[in-house]
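Understanding the architecture of this molecule
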Amino acid sequence: MSKKGKRLREFEKNNRQFNVSDVRKQRQERHKEIRQRRELKENDIEKNPAAEKHRRKKNKITNVRRFITGVIILIVITSVGVSAVKMIKLINERNRLLETNQKLIEMKEDLTEEMNQVDSAEYMEQQARKELKMIKNGEILFIVSDEQDEKSKQ
């Protein structure tokens, strides 16, 4: 069927003029038919116990399907939740590792800079004074003990 024909039928369907009283009567008749079918069904069930068993079995199958569907949905929701928690933990760990990496890069730059200065005379003098406690001729060396400072603070 062509699109034009489909659209034309849809347009005619949507633009019909209705007589309100006729539409009400039609609706009431449909409802009346539905009620009659229900009553017949109920009468058949009362007369025929096999139909009642069949209905119960059908309801039981429907309930089992609903239960299984609910369990599957619960499992999916749980797995999505667990995955989300794992992702959040991994993102936090990644951020922490990036910060550590940045600190190590800065430390490497400092050490590289210090390594470049190792051969200079000023650096050698500074290290000799600091680490080896050496002094030049005519200087006086004062040694302050860290243990005494800690005791005085306490």
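A few points on the structure.

Quick notes on the rules
Residues numbered from 1 in each chain as written. Predicted model: local features only at pLDDT ≥ 70, side-chain atom pairs only at ≥ 80, totals over all residues. Heavy atoms only, no water. Helix = DSSP H or I, 4+ residues; strand = E, 2+ residues; numbered from the N terminus. Areas by Shrake-Rupley, 256 points an atom, 1.4 Å probe, with all protein chains shown as cover. Patch = residues over 30% accessible without salt bridge, like charges linked within 9 Å, V, L, I, M, F, W, Y side chains within 5 Å. Salt bridge = Lys/Arg side-chain N within 4 Å of Asp/Glu carboxyl O. Lys, Arg positive; Asp, Glu negative; His and termini not counted. Charge placed at Lys NZ, Arg CZ, Asp CG, Glu CD. Buried < 20%, exposed > 50% of the residue type's maximum accessible area, 1.4 Å probe, protein only.

Here the focus is the overall build of the protein chain. When helices and strands are counted, the protein chain shows 5 helices and 0 strands. Along its sequence from the N terminus, the protein chain presents helices and strands in the succession α-α-α-α-α. When the accessible surface of the protein chain is split by element, carbon and sulfur atoms take 55% of a total near 15700 Å².

Before going further, it helps to examine a positive patch on the surface. A cluster of basic side chains, namely Lys3, Lys4, Lys6, Arg7 and Arg9, defines a positive patch on the protein surface. Within the secondary structure layout, lysine 3 lies in helix α1 (residues 3-14).

Tallying each qualifying case throughout the model produces 1 salt bridge. Close ionic contact of arginine 37 with glutamate 33 constitutes a salt bridge, the shortest N to O distance being 3.9 Å. Pair noted here: arginine 37 and glutamate 33 are both in helix α2 (residues 20-47), with a separation of 4 residues, about one helical turn. Under the relative-accessibility criterion, arginine 37 is labelled exposed at 54%. On the accessibility criterion, glutamate 33 (43% relative accessible area) is partly exposed.

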